[in-house]
Amino acid sequence: MTGNRTIGWIGLGNMGAPLATRLAKAGYDVSVWNRTAAKAAPVVEEGASQVAEIRDLGSRNVVFSMVSTSKDLEHVMLDPMIGLLTGESVPDVVVDCSTVSVETSRTVREAAEARGVRFFAAPVSGNGKVVAAGKLSVVCSGDEATFEMVRPMIEALGRSVTYVGEGEAARLVKVYH
């Protein structure tokens with residue numbers, strides 16, 4: 001196992017599955033959740049474990065998310081029945097790799113911080129083939145100390161990791177890019 005950090009991953013679509021696989025192959029203790037449970041099989045074959053509910057990831061140190069839309073991010077994080085940030089236990093850090101609006105990112109960040117969770121924006125540029133080749137680009141924003149903590153995990157996702165500042169700066173850089 002790499003370090004003593006446990007990782008959760010939400011969203012195993014075209015980008016999420018290869019990204020979670022890279023973390024598992026890098027030796028991290030990874031647990032995954034996806035709305036369509038069968039999509040977890042290839043990641044589990046690479047050493048990850050699968051959980052039945054999003055909230056089962058609340059005991060992980062760091063939870064990554066990679067979902068399709070702003071609405072999806074709000075759902076998996078804030079839904080009062082299933083949301084990661086509405087459960088009894090919550091992770092130390094949430095790293096969101098999705099491409100979502102600044103407004104949604106801010107809403108989720110505020111909800112996370114209200115629960116004592118550090119929220120880190122890390123939207124990615126590339127596609128599944130780019131991820132598999134290890135050539136993904138990630139732009140990151142949030143607390144700099146949090147960046148230093150999650151940096152080795154994010155570096156396992158791709159070759160270019162750039163920290164651009166506090167708050168939602170990464171969302172704006174991705175839009176401009």
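You'll find the structure just up there.
From a predicted model like this one, the values you see are computed outputs, not experimental measurements.

Student: Lay out the pattern of salt bridges in plain terms, naming residues and giving numbers.
Tutor: This structure, assessed with the given rule, holds 5 salt bridges. The salt bridge involving Arg-60 is made with Asp-29; its shortest N-O contact spans 3.0 Å. In this pair, Arg-60 sits in the loop between β3 (49–50) and β4 (62–65) while Asp-29 sits in strand β2 (residues 29–33), placing the two residues 31 residues apart along the sequence. Using a relative accessible area of 28% as the deciding quantity, one classes Asp-29 as partly exposed. A salt bridge links Glu-155 to Arg-151, with the nearest nitrogen and oxygen atoms 3.0 Å apart. One end of the pair is Glu-155 and the other is Arg-151, both in helix α6 (residues 144–155) and 4 residues apart, which spans about a single turn. Given the relative accessible area of 28%, Arg-151 is considered partly exposed. Connected through shared salt-bridge partners, Glu-148, Arg-151 and Glu-155 make up one network.

Student: Talk me through the sheet that holds strand β9 (residues 160–163); I want residue IDs and the actual numbers.
Tutor: Strand pairing within a sheet occurs via backbone hydrogen bonds; the two strands may be parallel or antiparallel. Spatially, 3 strands are ordered β7-β8-β9 in an open sheet, and the strand pairing comes out mixed. Each of the sheet's edge strands pairs with one partner strand only, and the pair in question is β7 (124–125) and β9. Here strand β8 (residues 137–140) runs beside β9; their pairing, made up of 4 bridges, is parallel. What sits directly across from Val-138, in β9, is Val-161. Contacts from α6 reach β8 and β9, with the element oriented near 175 degrees to β9.

Student: Please provide a residue-by-residue account of helix α3 (residues 70–78), values included.
Tutor: Every buried residue of α3 is listed here: Ser-70, Leu-73, Val-76 and Met-77. Each buried residue of α3 sits inside an arc of 135 degrees when the element is viewed along its axis, so together they form one side. Where the residues of α3 are buried, they touch β1 (6–10), β2, β4, β5 (93–96) and α4 (102–114).

Student: So what about the nonpolar core? Which residues, and what values?
Tutor: Residues Trp-9, Leu-23, Val-32, Phe-64, Val-95, Cys-97 and Ile-154 are the most contacted members of the largest nonpolar core, which totals 36 residues. When residues of this core are traced back to their parent elements, those giving at least two are β1, α1 (16–25), β2, β4, β5, β8 and α6. Those residues in contact with Trp-9 that sit more than four places away from it in its chain are Gly-16, Leu-19, Ala-20, Leu-23, Ser-31, Val-32, Trp-33, Leu-57, Phe-64, Met-66 and Cys-97. Ranked by size, the runner-up nonpolar core spans 18 residues in total, among them Ile-10, Leu-73, Val-94 and Val-108.

Student: Account for a negative patch on the surface, with residues named and values stated.
Tutor: A cluster of acidic side chains, namely Glu-110, Glu-113, Asp-143, Glu-144 and Glu-166, defines a negative patch on the protein surface. Here Glu-144 shows up in helix α6.

Student: Go over the packing of α3 against α4 with me, naming the residues and quoting the values.
Tutor: The contact between α3 and α4 brings their axes to 10 Å, and the two run at 10 degrees. Classified by the angle their axes make, α3 and α4 are roughly parallel. Mapping the contact onto sequence places Ser-70, Leu-73, Glu-74, Met-77 and Leu-78 in α3 and Thr-104, Thr-107, Val-108 and Ala-111 in α4. Of the residues contributing to the contact of α3 with α4, the split by class is 5 nonpolar, 3 polar and 1 charged.

Student: Before we move on, could you go through α6 and cite the residues and values that matter?
Tutor: Here α6 is 12 residues long and its end C-alpha atoms lie 15 Å apart, about the 16 Å a rise of 1.5 Å per residue gives. Buried within α6 are the following residues: Thr-146, Phe-147, Met-149, Val-150, Met-153 and Ile-154. Angular distribution of buried residues about the axis of α6 spans 165 degrees; they occupy a single face of the element. Measuring from the backbone nitrogen of Ala-145 back to the side-chain oxygen at the start of α6 gives 3.2 Å, which picks out Asp-143 as the cap.

Definitions and cut-offs
Residues numbered from 1 in each chain as written. Predicted model: local features only at pLDDT ≥ 70, side-chain atom pairs only at ≥ 80, totals over all residues. Heavy atoms only, no water. Salt bridge = Lys/Arg side-chain N within 4 Å of Asp/Glu carboxyl O. Helix = DSSP H or I, 4+ residues; strand = E, 2+ residues; numbered from the N terminus. Buried < 20%, exposed > 50% of the residue type's maximum accessible area, 1.4 Å probe, protein only. Pairing = 2+ DSSP bridges. Contact = heavy atoms within 4.5 Å. Axes fitted to C-alpha atoms, helices over the stretch in contact; angles between N-to-C directions. Arc of directions from axis to C-beta. Core = buried A, V, L, I, M, F, W, Y, C linked by side-chain atoms within 4.5 Å. Patch = residues over 30% accessible without salt bridge, like charges linked within 9 Å, V, L, I, M, F, W, Y side chains within 5 Å. Areas by Shrake-Rupley, 256 points an atom, 1.4 Å probe, with all protein chains shown as cover. Lys, Arg positive; Asp, Glu negative; His and termini not counted. Charge placed at Lys NZ, Arg CZ, Asp CG, Glu CD. Parallel < 35°, antiparallel > 145°, perpendicular 65-115°, else oblique. Nonpolar A, V, L, I, M, F, W, Y, C, P; charged D, E, K, R; others polar. Expected span 1.5 Å × (residues − 1). Polar contact = N/O pair within 3.5 Å; in protein donor to acceptor, adjacent residues only side chain to side chain.

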